[in-house]
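If you want the building blocks of each chain, they are given just below.
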Amino acid sequence: MTDRHRSTRRRLLTVLGSGAAVAVAGCNAIGDGANPAYEDGGVVDVAGDDRSAEETTTAEALARQESHGSVTPLESLSLVDHEFVLEDDFRGSTVQGTVENVGDDRVQVVEVRVRVYDDAGDQLGWYLDTTGDVDAGDRWAFEVILLESPADVGRYDVAVLGTPT
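Description of the structure in this document. Keep in mind that what you see is a predicted model, and the values were worked out from it rather than measured. (Residues numbered from 1 in each chain as written. Predicted model: local features only at pLDDT ≥ 70, side-chain atom pairs only at ≥ 80, totals over all residues. Heavy atoms only, no water.)

## Some remarks on the sheet that holds strand S1 (residues 39–42)
Now for step 1: Overall, antiparallel pairing links the four strands, which are arranged S1-S7-S4-S5 in an open sheet. Each edge of the open sheet carries a strand with a single partner, namely S1 and strand S5 (123–134). Put simply, the sheet's adjacent strands are angled 25° from each other on average, direction ignored. (Pairing = 2+ DSSP bridges. Helix = DSSP H or I, 4+ residues; strand = E, 2+ residues; numbered from the N terminus. Axes fitted to C-alpha atoms, helices over the stretch in contact; angles between N-to-C directions.)

## Some words on the nonpolar core
Now for step 1: Grouped together as the largest cluster of nonpolar side chains are 25 residues, with contacts concentrated most on Val99, Val110, Val112, Val114, Phe142 and Leu146.
Now for step 2: Going through the elements one at a time, strand S2 (77–86), strand S3 (93–101), strand S4 (107–117), S5, strand S6 (139–145) and strand S7 (155–164) are the ones with two or more residues in this core.
Now for step 3: Among the elements that make up this core, the one with the highest residue count is S4 (five residues).
Now for step 4: Excluding residues within four positions of it along the chain, Val99 makes contact with Leu77, Ser78, Leu79, Val80, Val110, Val112, Asp138, Arg139, Trp140, Phe142 and Val160. (Core = buried A, V, L, I, M, F, W, Y, C linked by side-chain atoms within 4.5 Å. Buried < 20%, exposed > 50% of the residue type's maximum accessible area, 1.4 Å probe, protein only. Contact = heavy atoms within 4.5 Å.)

## Concerning the pattern of salt bridges
Now for step 1: One pass over the structure, following the stated rule, counts nine salt bridges.
Now for step 2: Salt-bridge contacts for Arg139 lead to Glu100; the nearest nitrogen and oxygen are separated by 3.3 Å. In this pair, Arg139 is assigned in strand S6 and Glu100 in strand S3, connecting sequence segments 39 residues apart.
Now for step 3: Given a relative accessible area of 54%, Arg139 falls into the exposed group.
Now for step 4: Between Arg115 and Asp157 there is a salt bridge, with the nearest N and O atoms lying 2.8 Å from each other. One end of the pair, Arg115, is in strand S4; the other, Asp157, is in strand S7, with 42 residues separating them in the sequence.
Now for step 5: Take Arg115: its relative accessible area is 23%, and that puts it in the partly exposed class.
Now for step 6: One continuous salt-bridge network, built from bridges that share partners, spans Glu87, Asp89, Arg91 and Glu143. (Salt bridge = Lys/Arg side-chain N within 4 Å of Asp/Glu carboxyl O.)

See below:
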C-alpha cells in the first residue's frame, strides 16, 4: 500500500470514528431525558398526619424513582394541569394532573417527573409515574406518590417526557 493510500485510509477512519462518537453522544443525551422543561408547582399549607409504618411500606413499594431509559422531551406532550394533593390513605403526599398528546402520532412511553423541595429550596426527592401508548389527542391522568411528609414539602416542579413510536 502506498503512503498516499495509507494517509487517505487514516483520514477516512478518523472521520468515521468521530462521526460515530458524535452519534453515540447524541443518543445518550436523548436516552437520559436531557433538559426537560419543568413547571413550578406550589404547595399550600396542608395539615396531615404522617403515614403509619404499614402505609409507609405500601407507599415505598408503589412510589417510582427509576426513570424509563428511553424518554426525552417531546413537543407533542403537554402538561394540561397539575397540583399537590394530600390523600387520606397510604398515598399521602401526591402530585396529580393530566398530560395530553397534542401531536399527530401515538407516544409509546410517557413519563412524568416530579422533584420535591422543602421551604428552604433544598431538593428532598425525585419521583415519577409512567404509562404506555398514549394516542394522538388522548389524555392521561397521572398520580405521582411522594415519600416525603406533607409538612416537609414546600414546593415541587414537574416535567413530562416520552418515547415516540
